[in-house]
Protein chains: 4
Amino acid sequence: MTSVSLNFASDNCGPAHPDIMAAVLASNDGHHKSYGADAMTQAVTAELRRIFEAPQAAVYLVATGTAANTLALSCYTKPWDAIFCHRESHVETDECGAPEFYSGGAKLSLVDGPDRKMRAANLTQAMEHSDGSVHQAQLGPISVTQATEAGTLYSCAEIEALCKIAKDRGSACHLDGARFANACVALDCTPAEMTWKAGIDAVSFGGTKNGCLAVEAVVLFDPDRAWEFELRRKRAAHLFSKHRFLAAQMQGYLADGLWLRMARSANTTGGLLTRGLKQHPDIALTYEPEVNMIFAEMPRELHQRARAGGALYTVYGNLDSGPMEERLNSRMVCDWSKTEADIEAMLGLLR
Amino acid sequence: MTSVSLNFASDNCGPAHPDIMAAVLASNDGHHKSYGADAMTQAVTAELRRIFEAPQAAVYLVATGTAANTLALSCYTKPWDAIFCHRESHVETDECGAPEFYSGGAKLSLVDGPDRKMRAANLTQAMEHSDGSVHQAQLGPISVTQATEAGTLYSCAEIEALCKIAKDRGSACHLDGARFANACVALDCTPAEMTWKAGIDAVSFGGTKNGCLAVEAVVLFDPDRAWEFELRRKRAAHLFSKHRFLAAQMQGYLADGLWLRMARSANTTGGLLTRGLKQHPDIALTYEPEVNMIFAEMPRELHQRARAGGALYTVYGNLDSGPMEERLNSRMVCDWSKTEADIEAMLGLLR
Amino acid sequence: MTSVSLNFASDNCGPAHPDIMAAVLASNDGHHKSYGADAMTQAVTAELRRIFEAPQAAVYLVATGTAANTLALSCYTKPWDAIFCHRESHVETDECGAPEFYSGGAKLSLVDGPDRKMRAANLTQAMEHSDGSVHQAQLGPISVTQATEAGTLYSCAEIEALCKIAKDRGSACHLDGARFANACVALDCTPAEMTWKAGIDAVSFGGTKNGCLAVEAVVLFDPDRAWEFELRRKRAAHLFSKHRFLAAQMQGYLADGLWLRMARSANTTGGLLTRGLKQHPDIALTYEPEVNMIFAEMPRELHQRARAGGALYTVYGNLDSGPMEERLNSRMVCDWSKTEADIEAMLGLLR
Amino acid sequence: MTSVSLNFASDNCGPAHPDIMAAVLASNDGHHKSYGADAMTQAVTAELRRIFEAPQAAVYLVATGTAANTLALSCYTKPWDAIFCHRESHVETDECGAPEFYSGGAKLSLVDGPDRKMRAANLTQAMEHSDGSVHQAQLGPISVTQATEAGTLYSCAEIEALCKIAKDRGSACHLDGARFANACVALDCTPAEMTWKAGIDAVSFGGTKNGCLAVEAVVLFDPDRAWEFELRRKRAAHLFSKHRFLAAQMQGYLADGLWLRMARSANTTGGLLTRGLKQHPDIALTYEPEVNMIFAEMPRELHQRARAGGALYTVYGNLDSGPMEERLNSRMVCDWSKTEADIEAMLGLLR
């Protein structure tokens, strides 16, 4: 009998996929060149170029999403630039100022929009706010989070519209794809359509949240930035010596479309959970979930009942004190390993 | 029949130990708290405190040696400080300016000394060079590499003498222990003796080069720096979300003294190789090897013969062109997995 | 016959006061110690301590307002901190990211409020936005601009309320006093009341805009920061070798209350201009002017007429193209040298 | 009766030239555009272009030598670069790490050579030390100090040789000309010969030490760096609002060759002092003085006698305690205002 999992705290709380573990294990075969000169890294680079239909792209592996985002962004940002991102994007709210650190002190210019998506009009306004004089921050890149931190999605057309606003002003375009796979599957589009075909210059292609141990790829469609990226990565201490262990994870992740299968699974269980929560008369969803992440508001009493039943997820506010009927928001995330039984069990606690 | 390994390029070219792989595999059991709040991280922290006899120490895990060094150093360095290290230390020659980046622009003040060890008199001279005025770099920490990049060792008394020079001037003391285990075994001393008992404030305790995949511990004996370290680690994108996979490596590394056994093995094969090379009339060692790393000078012809036989190691200079009798220096490193048969095979090529 | 001045572009377009010029000239008497060790610098330091009723304060002179602001702030800001300031404060909109540069990459957290004044409720909200975790920017200092960039004023009680919010959370308080004198005169308060008695820790005490050539004082009421400030000033290349020429300006500025007389003059002509503009049926003031700066909205036609008559001031938008009746905002500033005749002439152009 | 000056501590202890004071006074005529948009700044820019025979050059004014050096260098330095300079150059020993701060953490690679001049062979060796890999600092610009901090000079041919070494490797060339005028006069060469004709890309053209109050020009022969320089200058808080007061100093400095006349005067009195010191049997000069700065070693007794007579200059070591015959080194600098009588008086004290 397998026990169900009631941990919905984050997709980074879940396990790695056994196939990825197996790939890591298999890569531990004797001696290999270090610092990414090994054959497996070369193979994975080629595979990512193929998947992105970008034979010239520079491809790099790092171990954390913040490293991927900030190293990619810093190649397109001068210290005196502003980076344009949503007010509630990961680079602004969850990286302890890493983009500022890596860029040498750039500003993050916060753009508004519903569903934690930058609205085109707001981006235009933000980019036109600067008068371009020496007294003000200069126009730097935009960073688009896909899927967003709200579990919502930009359509490819929306990404293209944002990129056009940036490109018309000479700015580069970065896509924070910590949940790239979930977005790709939900939109049923190709990686190329969601990125360079829409105007994106640099992608953080997430693996960690979607069943890897700790690996993200950075894909730079303009290979002119390759050497700068390599210097920044080393200088930031993100170049692994036993690089094959990053490559092995990515190899396992990409093999036979495992990355898409895991994302599909997470989105599917996310959808089941969404449906169940919507049917509950006392629960309201903050956003319309499009991938594997759900924000649900409900009375304290329900949260306490769920917790008493063993459920783990993020509740905003003080779960323990206050009137039982007070409504508290919360976040639930389904990782690739969630099953229908898990969702059933979770919904059961709330019913 | 097992084939021999002739790869002596670096200890970061070797495999991870199967027991460490097994520990990683075992840690992949369902859901855990992220960002280091998991139980395994807590257990590993306790174990490192025990090993270092430092119950109050702050202990952190990161994935690269450069991250360990520069995060540790940056907690003790103001942007206007000088860090005192040997002219050929890793922090100076192999980190692409990471200490400067992390510290916000500190200087590295390069101290001389034979065997790539800072000589006490030279450290004193370097620290007294500044007049302390606002025009000059201020006195920052010292960084001692143990074992050195030459494969040589400081005695505990030598470390203590350097720390005393620093402490008398109010400076903190960092130990770069990328090869900590090799040094510990060779000196037959305890971790405490080699560190805080000698005056060290912060240690980079290496795992990667000694049989792990990618993990290093930072031990800060003064827990007052703990929060600053945590902020710096996150801001530098070195805080792992699925932190258990760092912790699992370290757990396997420390279990039943595996870390010491692997280091002993590497030192032993290093010793065998040393003896064999010394017996060769055309080979001269640059330093007296004390751990698992050997610098050997020999005629181009010998290097070419070794290469033709399949040997891999670092040759300084152009191996392919020049007179056959010209002597070129080289570096050979034995990782934990090397066997007597490997050494025999290597020496056989050179005979 | 003296010609009138119609230049209202900024108080940094006006001349230095002749008495200050005379002080600079008088200081050019032979040889003096450099880098601030001269007697005149010591005398000016004592005088500023007296004026601020702060005998222990550390006092420094620099040549630009941005240097004063960013050096002062950086002594109270960690790289991972957020600085809390109004969305339209000088440190955010007019310093090309200098606070980010000097602090090593801190964030500016933008606080709203009418009249370009931080509203207490908004400051509280901004400071409570962070959850204090390692993922987010930490609480850094607040920076209050007095007089504001809108020509409005905080009362001393309002400053005290903002400082209390900051101090309750362990944050330091900076006052950007580029127009300190204008505020002091308008509020009829003492420098101490507007600063340390209200909770301010560090002041940028402006001289340049109010009749000096190029000098600002930084007053740190907590002398523990003195040495750090000195290092930051030198490292940022703001320590003058012939320091007496900064000191001489400040000496002349403070002598016999010249600084207050000039500010009073500027405020008075500002008041005359305000009254005149208010009487014009087609002109609307954006803010209620409290010092020497006025934002006035009027039809393009009026702006064009003023320009044709020789007036110089900042018009927002395109002065040359568009319907004559379209209303454009503008900014007019009276420096210390403006006369009643100047104001009369200016108003005459608009009538 | 005019009293003699016995202050030889530094050329930054002397007065400004009356003609420069007069120029500043004359510039204080009503209102002008701020931030360098005034006519006088334009005129001075044109004059510097003429003097340097560089009609396309970008020309900027700042107030300190360290600002000129570090802003100029930072336009040619990536954060991961090494700047090559003499071990005892001003940028290394007297700027509190300003080049590191402005460049975002570059290294200073210290080159040896007698007379505080980089020897060509040592520069070549230093630049060839890096293997160019991602692990090491990359090749950044060279910085040549002319005149040196020892009071010695590079010939134009020597500058050209150093620049060639740099340019052959793709590196830019900076000249720290805090004492540019003294060098120009001593070499009897044109500004162009000493700079761009020899391969220099950017010059710090000193004014402060040679009779100004506080002004230095930066001349960038490649105008492509102009905008970056302007952003860096503003962001570093070195853009003056009342910019005319910088321009006026430079105008007075350049008018009728005043800058050359003052330097000639300083060199001449320096020469007189040199001759007198050489004739003294107990005094030995450390370097052969070529401009206005002399390093003289003599017994403590002589130093004490000079001090007792009112002389001021830098003595290295403890003047007060030790045997009278112990020899202490010292530095004496003649500023533009020194007279034959001053030299006579100084020598009289030592006889």
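Residues numbered from 1 in each chain as written. Chains lettered and ligands numbered in written order. Predicted model: local features only at pLDDT ≥ 70, side-chain atom pairs only at ≥ 80, totals over all residues. Heavy atoms only, no water.

**With respect to the confidence of the model for chain A**
Under the convention used in this document: In predicted models, pLDDT denotes the confidence assigned by the predictor to each residue on a 0 to 100 scale.
Of all residues in chain A, 99% have pLDDT values of 70 or greater, and the mean over the chain is 97. The ipTM value of the predicted complex is 0.97, and its pTM value is 0.97.

**Let's talk about the interface of chain D and chain A**
Quoted interface sizes are often the accessible area lost when the parts come together. Worth spelling out the cut-off: Any pair of residues with heavy atoms lying within 4.5 Å of one another is described as a contacting pair. The term buried area means the drop in 1.4 Å probe accessible area that two parts suffer when joined, counted for both and summed. For this document, the term salt bridge refers to a Lys or Arg side-chain nitrogen within 4 Å of an Asp or Glu carboxyl oxygen. Polar contact is the term for a pair of N or O atoms within 3.5 Å; when the atoms are in protein, one must be able to donate a hydrogen and the other to accept it, and sequence-neighboring residues count only if both atoms are side-chain atoms. Helix numbers and strand numbers start at the N terminus; a helix is a DSSP run of H or I with at least 4 residues, a strand a run of E with at least 2. Classification convention: Asp, Glu, Lys, Arg as charged; Ala, Val, Leu, Ile, Met, Phe, Trp, Tyr, Cys, Pro as nonpolar; all other residues, Gly among them, as polar.
Taken together, the contacts link 18 residues of chain D with 18 residues of chain A. At the boundary of chain D with chain A, total buried surface from both sides reaches about 1,600 Å², with 68% on carbon and sulfur atoms. Broken down residue by residue, the surface that chain D buries against chain A is led by Trp80, Val134 and Arg235 of chain D, which jointly contribute 40%. Inspection of the chain D/chain A interface yields zero salt bridges. Where chain D packs against chain A, one counts six residue pairs in polar contact (both at pLDDT 80 or more). Among the elements that take part in the side of chain D that touches chain A, helix H10 (residues 226-235) of chain D stands out by supplying seven residues, more than any other. Taken together, the residues of the side of chain D that touches chain A break down into seven nonpolar, six polar and five charged.

**Here's the deal with the environment of Ala106 of chain C**
For Ala106 of chain C, the location among the structural elements is in the loop between helix H5 (98-103) and strand E3 (107-111). When the C-alpha atoms of Ala106 of chain C and Thr77 of chain C are compared, they prove to be 7.4 Å apart, with 29 residues separating the residues in sequence. Ignoring sequence-local partners within four residues, the contact set of Ala106 of chain C consists of Glu100 of chain A together with Thr77, Lys78, Pro79, Asp81, Ile83 and Glu100 of chain C.

**Remarks on the sheet that holds strand E7 (residues 216-220) of chain C**
Residues and elements named next belong to chain C. To keep it simple, the criterion reads: One bridge is not enough; two strands pair if DSSP finds at least two bridges between them. To get an axis, fit a line to the C-alpha atoms, keeping to the stretch in contact for a helix; angles then go from 0 to 180 degrees between the N-to-C directions.
Strand order in the open sheet formed by seven strands is E1-E7-E6-E5-E4-E2-E3, with mixed pairing between adjacent strands. Lying at the two open borders of the sheet, with one neighbouring strand each, are strand E1 (58-62) and E3. When strand polarity is set aside, the average angle formed by the axes of neighbouring strands in this sheet is 20 degrees. With five bridges connecting them, strand E2 (residues 81-86) and E3 associate as parallel partners. Paired with Ala82 across the bridge in E3 is Lys107.

**Points about the packing of helix H6 (residues 120-129) of chain C against helix H7 (residues 156-168) of chain C**
Residues and elements named next belong to chain C. Our working rule: Any angle between 65 and 115 degrees counts as roughly perpendicular, while under 35 counts as roughly parallel, over 145 as roughly antiparallel, and the rest as oblique. We call a crossing left-handed when the near helix sits turned anticlockwise from the far one by less than a right angle, and right-handed when that turn is clockwise.
Running from N to C, H6 and H7 point in directions that differ by 15 degrees, and their axes come no closer than 10 Å. Between H6 and H7, the crossing angle belongs to the class labelled roughly parallel. Note on packing geometry: the crossing formed by H6 with H7 is right-handed. Seen from H6, the contacting residues are Ala120, Leu123, Thr124 and Met127; seen from H7, they are Leu162, Ile165 and Ala166. Looking at side-chain class alone, the contact of H6 with H7 contains six nonpolar, one polar and no charged residues.

**Overview of the relation of the copies chain B and chain A**
Just so we agree on the cut-off: A least-squares fit on C-alpha atoms brings the copies together, and the residues used are those whose pLDDT is at least 70 in both copies.
Once chain B has been moved 0.0 Å along the axis and rotated by 180 degrees, it coincides with chain A to within an RMSD of 0.0 Å. Both copies are brought into coincidence by an operation consistent with a two-fold rotation axis. Residue Ala236 of chain B of chain B places its C-alpha closer to the rotation axis than any other residue of that unit, at 3.7 Å. A share of 100% of the interface residues of chain B reappears at the interface of chain A, consistent with the copies meeting face to face through the same patch.

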